[in-house]
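This is what each chain is made of:
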Amino acid sequence: MKISRRGFFKTAGAGAAAGVLSGKADKSLAALPAREDPFANAVSTTSVCPFCAVGCGTVVKALDGKVVQIEGDPEHPINQGALCSKGLAFSQTVNSPGRLQQVMYRAPGSDHWEEKSWEWALPRMAALIKKTRDASFVQEKDGRTVNRTEGLACLGGAALDNEECYLYAKLARALGVVYLEHQARI
Amino acid sequence: MTNHWIDMANADVVMVCGSNVVENHPIASRWLQKARERGAVILSVDPRYTRTSSFADHYCRLRSGTDIAFVGGMIRYALENNRIHSEYVTNYTNASFIISPDFEFHEGLFSGYDQEARSYDKSSWAYECDASGAPLRDETLAHERCVFQLLKKHFDRYDLRTVCSITGAPEDAYEKICDLYTSSGQADKAGTWLYAMGATQSTHGAQNIRTYAMLQLLLGNIGVVGGGVNALRGESNVQGSTDMALLFHILPGYLKNPNASDQSLEQYLKRCTPVSNDPQSANWWGNTPKYMVSLLKAWFGEHATPENNFAFDWLPKHSVNNSYIPLFEAMHKGDVQGLILFGQNPAVSGPHAGREREALSRLKWMIAVDLFETETAGFWKRPGVNAKDIDTEVFLLPAAASVEKEGSITNSGRWAQWRYKAVEPPGEARPDLWVLDSLCRAVRKEYQAGGVFPEPIIHLHWDYALEGDPHHEPDPHKVAREVNGYFTRKTTVKGKTFAKGDQVPSFAYLTDDGATCSGNWLYCNAYTGPEQSDNRMARRGKDDAPNNIGLFPEWSWCWPVNRRILYNRASVDLEGRPWNPQRFVIRWNPVKSSWEGDVPDGGWPPGAKHPFIMQPDGHGQLWARFLADGPLPEHYEPFESPIVNPMSRSQNNPAVKIWREKPGDKSPFGDREKFPIVATTYRMTEHWLGGALTRNTPWLAELVPNVFAEIGTGLAEEHGISNGDKIIVESARGQIEVYALVSSRIPSFKLEGRTVHQAGLVWHFGYQGIAKGDSANMLTPNVGDANTMIPEFKAFLCQIKKAERSPA
């Protein structure tokens, strides 16, 4: 949800992380001189940290469509405004210049990526899925109906949203995939 | 978790065993601190002296992979010193059930073992029943074949001296842990058990956790406030992704995945729907037909009809174990030719990673979806290979980050929480939902011209576009409403009439006749109306429940039906009075004839139903009839071990499958002469799993820029290694070069009269990103647990030596 702007935490970064264990989040910083909130005009949106499964609430601050700060959600009953070093650094992950921004393609035997469009990639991937599925599809094995492919495997999903995981499972099973696995197995 | 993060504050004793909560779930440790402020004692049992150990009140070391011996001895201590909660044990566990006279146990083997198949015929582990099929019980617990007596006899072998000789725990520290933890067996006291991958990543991982659960049952710690067996899960939505069944053996909501023996829906339901003749058993899985038919309706819509068995034939039926290790073995053989990969990095995170990288090279094509170019996506340019020799066609698709899309994730305490979109994704990056929707529609288009068995693809119910959106942008709310489920026609259930299209209010209203659909019955109650305001996962109610134990029932939503503490009928006696009247989960109000507190595990009056409603017999399972490797946990050594098993002639778990490409291949395991050091892998706060996110984040890369192995001072001295030297760590699978972190935090052990050292390996690193380093999983074995097939990352053998040149 988009929420009204909250008071800017003076305790960004190490202060909040250190406060986690001491249970004294703000006291040592209370004496800091007041300064102008650089994100006074930022739009705040609530989210949940993407790292471990504690499920800490976060407030994502954005200016001109760009994330400028991610803080612990002070209203969240589990983390009550605190975040660990990973959670606090997440704005840098989101804004990393290393983020993938284009569809990348590596041809067989090639030593480099090529930039491609979704329009180019989607039908090509779909054709490969169909080719592999159809060539490996088994309808009957030892006189029993099995309707499966063991030529196609699906992995991953612990970082996806529930709705995404659900559609992933649904699509994989509809294709006849039995090799469907993810991080929970390792 | 049976309980949840905030509830840890309610414990009287906290055991952290198999987890390093302060390091890996730092914010959760706030609630441990709150518990301590209330007077709780915090215990840390770990092969390494960790951040959790330094936070704890008492620490005891154990050799990696010896949890069953350690906790088995605690069970013996609890029985011997009468620390158990007798009323709970008699009424709520299967302690009183009588076992078949054919049961035997000898030299680490349970009756029914087939050496050739490395598996058990479990018929001799069954309950003894009367003529009507009801299990015989002896509530005095005196019968020599009742579970309680068999358990007592089994764990009597785990005496103090034996346990300490196996685990390497000092006797005085061990006894202290036993005494403090079993003090939670008093009726009004609670102990919580926190574990994670330290327990599961073992060839006897399921039995490790069973041992914890058994002790918790004996102490009456399950279902109660501040108790439970709590898996601290490591990824933001690994609970949800498991619930949604991205695993070979299940369908959403933990329904069993059909196998080749299920030739019709009827056969499947017969196999998968348990039956109980006991009127006091809720036997919840007896509802399987309603959940399965509702799932098939959600997947195949109007094409799933009673006439075609609700399209049951269209689901794939497996014949063998298709889990992670066999998946990569099949890829290595060339059988798996195409791989679709959403945000996972097996080139770093998989066991025997060198072999997995080889397997990837044999794929015809790979589709990888991620935020960054991972080691897996770029496997064809890894060190030591020539890209020209690798024929795999690779698509790397740019994904939106969590703050660039909308949807729910489920935390370890089963709270499903809704996240909102803050900004647009960069460039051409798209939400995974968009990628899945686009791929599905593109594949469907391919099948318009025909193909092999196209029905499940063509008739798949797949309609998620935002209303009126010309770009077919999929709407996560539409998906979430389908996951919850809705009525497919006008129907009356339990005296209430619903219109076609109404959301199903809870799984109690699902039917087996096709009148309802639900993509995941466990989430039925999460999205109960047509409006976004009906999305209960988005709730932000700040009030606690009247029992004031931190349930926060109006914050988000939790499965099942917003029940915050599972098995909570075990938190009260047969009259509905809480064991702990000061802090109760639920209690019966005899005036109003209703329950107060948390959502009870079924609304029946006290004593009417047994509390463990997911078990057909309704009781906590001190005795497990259906596990692959025995009805009681028994200590076996890890597959690579520095000693001969002192408990029996069975060195390793006899029911574990060993993967070899073909008969006669050399053993993938190393021996203790060549590899004398016990190795274990671990994680750190500053990095996350395979490292794709954190090793690309400058602040975090700067905090922990390099891979290292932590070794003890004794081992360092033996090899002439100083802190900061580069060392080679080698196992039977490979070798890596890392920095040495020499510390006194890694204990060594006296075993079989000699010193056995340990090494701890940080596993987050790889050859991509800002912070690079060798991957610890180049060393780990691809052998898995007998039940779960989770690899044994946490205990294997290695050798170390100083690298020839130390860094400048």
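Residues numbered from 1 in each chain as written. Chains lettered and ligands numbered in written order. Predicted model: local features only at pLDDT ≥ 70, side-chain atom pairs only at ≥ 80, totals over all residues. Heavy atoms only, no water.

Participant: Can you walk me through the overall build of chain A in this structure?
Facilitator: Summing up its helical and strand segments, chain A has five helices and nine strands in all. Along its sequence from the N terminus, chain A presents helices and strands in the succession β-α-β-β-β-α-α-β-β-α-β-β-α-β. Counting every position in chain A, which comprises 186 residues, the buried fraction comes to 61%. Partitioning the intrachain contacts of chain A with sequence separation of at least 6 by distance along the chain shows that 40% fall at a separation of at least 24. Summed over all atoms, the accessible surface of chain A reaches about 7000 Å², with 52% contributed by carbon and sulfur. (Helix = DSSP H or I, 4+ residues; strand = E, 2+ residues; numbered from the N terminus. Buried < 20%, exposed > 50% of the residue type's maximum accessible area, 1.4 Å probe, protein only. Contact = heavy atoms within 4.5 Å. Areas by Shrake-Rupley, 256 points an atom, 1.4 Å probe, with all protein chains shown as cover.)

Participant: For this particular structure, what's the right way to read the environment of Cys52 of chain A?
Facilitator: Relative to the helices and strands, Cys52 of chain A resides in the loop between β2 (43-48) and β3 (57-63). Spatially, the C-alpha atoms of Cys52 of chain A and Ala159 of chain A are 9.6 Å apart, while their sequence positions differ by 107 residues. Apart from residues lying up to four places away in sequence, Cys52 of chain A is in contact with Asn24, His25, Arg233, Gly234, Glu235, Ser236 and Trp688 of chain B.

Participant: Looking at this model, I keep getting lost on the UniProt feature "domain: Molybdopterin dinucleotide-binding" (unreviewed entry) in chain B. Mind explaining?
Facilitator: Look at the UniProt record and you will see "domain: Molybdopterin dinucleotide-binding" (unreviewed entry) annotated at residues 679-796 of chain B. The span residues 679-796 of chain B carries 11% helix and 30% strand; its end-to-end C-alpha distance comes to 5 Å. (UniProt positions renumbered as here; feature names shortened; annotations may be inferred.)

Participant: Quick question: what am I supposed to make of the environment of Ala134 of chain B here?
Facilitator: All names here are of chain B. Following the sequence through the fold, Ala134 ends up in the loop between β7 (119-120) and α6 (147-156). Looking at Ala134, the relative accessible area reads 26%, which means it is partly exposed. Residues Ala134 and Gly108, spaced 26 residues apart in sequence, show a C-alpha to C-alpha distance of 30 Å.

Participant: Quick question: what am I supposed to make of the packing of helix α5 (residues 162-175) of chain A against helix α19 (residues 476-484) of chain B here?
Facilitator: When two helices pack together, their arrangement is given by the angle between their axes and by how far apart the axes lie. At a minimum axis separation of 9 Å, α5 of chain A and α19 of chain B run at an interaxial angle of 70°. Taken together, the axes of α5 of chain A and α19 of chain B lie roughly perpendicular to each other. The handedness of the crossing between α5 of chain A and α19 of chain B comes out as left-handed. From α5 of chain A, Glu163, Tyr166, Leu167 and Lys170 of chain A reach across to α19 of chain B, where they touch Pro476, Val479, Ala480, Glu482 and Val483 of chain B. (Axes fitted to C-alpha atoms, helices over the stretch in contact; angles between N-to-C directions. Parallel < 35°, antiparallel > 145°, perpendicular 65-115°, else oblique. Left-handed = near helix turned anticlockwise from the far one by under 90°.)

Participant: For this particular structure, what's the right way to read the sheet that holds strand β24 (residues 677-682) of chain B?
Facilitator: Strand pairing in a sheet is mediated by backbone hydrogen bonds. Such pairs are either parallel or antiparallel. Residues and elements named next belong to chain B. Pairing in this closed barrel of six strands is mixed, and the strands run β24-β30-β25-β27-β26-β31 around the ring. The mean angle between the axes of side-by-side strands here comes to 45°, regardless of whether they run parallel or antiparallel. With three bridges joining them, β24 and strand β31 (residues 796-802) adopt antiparallel strand pairing. Each residue of the ladder has a partner; that of Val678, found in β31, is Leu797. (Pairing = 2+ DSSP bridges.)

Participant: Which parts of the structure should I look at to understand the domain arrangement of chain B?
Facilitator: Much of the literature gives interface size as the accessible area that the parts lose upon coming together. Looking at the assigned domains, one finds that chain B contains domain 1 (6-231), domain 2 (238-275 + 283-305 + 476-537), domain 3 (324-458) and domain 4 (677-802). The C-alpha centroid of domain 3 of chain B is placed 39 Å from the C-alpha centroid of domain 1 of chain B. (Domains from an automatic or database assignment.)

Participant: Sorry, what's going on with the layout of surface pockets here?
Facilitator: All names here are of chain B. Considered as a void within the structure, the second largest pocket measures approximately 570 Å³ in volume. Forming the boundary of the second largest pocket are 28 residues, of which His352, Gly354, Arg355, Glu358 and Arg733 lie nearest the centre. Sorting elements by how many residues they give to the lining of the second largest pocket places helix α16 (residues 353-361) first, with four residues. A per-class count over the lining of the second largest pocket returns eight nonpolar, nine polar and 11 charged. (1 Å grid on protein atoms, 1.4 Å probe; cavity = no way out; pocket = protein on both sides within 12 Å on 5 of 7 lines; lining within 4 Å. Points joined across faces, edges and corners; volume = space filled by probe spheres on them. Nonpolar A, V, L, I, M, F, W, Y, C, P; charged D, E, K, R; others polar.)

Participant: Would you take a moment to explain the confidence of the model for chain A for this structure?
Facilitator: For any part of a model where pLDDT is low, the fine detail of the predicted coordinates should not be relied upon. Here chain A shows a mean pLDDT of 88. Residues at 70 or above account for 83%. Segment residues 4-25 of chain A: pLDDT under 50, and 42 contacts once partners within four positions in sequence are set aside and those in other chains are kept. (pLDDT = per-residue confidence, 0-100.)

Participant: Even after reading the chapter, I still don't get the environment of Ile390 of chain B, so can you show me in this structure?
Facilitator: Inspection of the secondary structure assignment puts Ile390 of chain B in the loop between β13 (365-370) and β14 (393-398). We classify Ile390 of chain B as buried; its relative accessible area is 5%. In sequence terms Ile390 of chain B and Glu737 of chain B are 347 residues apart; their C-alpha atoms lie 26 Å from each other. Contact partners of Ile390 of chain B, with chain neighbours within four places excluded, come to Arg106, Pro108 and Gly109 of chain A together with Ser361, Phe379, Trp380, Arg382 and Val385 of chain B.

Participant: Mind showing me how you'd approach the packing of aromatic side chains here?
Facilitator: Two measures describe an aromatic ring pair: the distance that separates the ring centres and the angle between the ring planes. Residues and elements named next belong to chain B. A full pass over the atoms with the stated rule returns 42 aromatic pairs over all chains. On the basis of an interplanar angle of 45° and a centroid distance of 4.7 Å, the ring pair of Phe97 and Tyr127 is categorised as tilted. Of this pair, Phe97 sits in the loop between α5 (86-92) and β4 (105-106) while Tyr127 is found in the loop between β7 and α6, placing the two residues 30 residues apart along the sequence. In this structure Tyr127 comes out as buried when scored by relative accessible area, which is 8%. These aromatic residues form a ring-pair network of at least three members: Phe103, Phe105, Phe110, Tyr113, Tyr120, Trp125 and Trp623. (Phe/Tyr/Trp six-rings, centres within 6.5 Å; stacked < 30°, edge-to-face > 60°.)

Participant: Looking at this model, I keep getting lost on helix α4 (residues 118-136) of chain A. Mind explaining?
Facilitator: With 19 residues, α4 of chain A should cover 27 Å at 1.5 Å per step; its first-to-last C-alpha distance of 27 Å lies within 8% of that length. Buried residues of α4 of chain A: Trp118, Ala121, Leu122, Met125, Ala126, Leu128, Ile129, Lys130, Thr132, Arg133 and Asp134 of chain A, and no others. (Expected span 1.5 Å × (residues − 1).)

Participant: Is there a simple way to explain the UniProt feature "domain: 4Fe-4S Mo/W bis-MGD-type" (unreviewed entry) in chain A in this structure?
Facilitator: Mapped onto this numbering, the UniProt entry annotates "domain: 4Fe-4S Mo/W bis-MGD-type" (unreviewed entry) at residues 42-98 of chain A. Structurally, residues 42-98 of chain A is divided into 16% helix and 35% strand, and its ends, taken at the C-alpha atoms, are 25 Å apart.

Participant: Explain the interface of chain B and chain A to me, please; I cannot follow it from the model alone.
Facilitator: Across the contact, 166 residues belong to chain B and 117 residues belong to chain A. Roughly 12600 Å² of surface becomes buried between chain B and chain A when both sides are summed, with 64% attributable to carbon and sulfur atoms. On the chain B side of the interface with chain A, the three residues burying the most area are Ile27, Leu246 and Arg540 of chain B, jointly 6% of the side's total. In this structure, Arg419 of chain B engages Asp161 of chain A in a salt bridge whose closest nitrogen and oxygen atoms are separated by 2.8 Å. The interface formed by chain B and chain A contains 83 residue pairs in polar contact (both at pLDDT 80 or more). With 12 residues, the single largest contributor to the side of chain B that touches chain A is helix α17 (residues 432-447) of chain B. Looking at the side of chain B that touches chain A residue by residue, the class counts come to 96 nonpolar, 44 polar and 26 charged. In this structure, strand β5 (residues 103-106) of chain A lies alongside β14 of chain B, joined through three bridges in antiparallel fashion. (Buried area = accessible area lost by both parts, 1.4 Å probe. Salt bridge = Lys/Arg side-chain N within 4 Å of Asp/Glu carboxyl O. Polar contact = N/O pair within 3.5 Å; in protein donor to acceptor, adjacent residues only side chain to side chain.)

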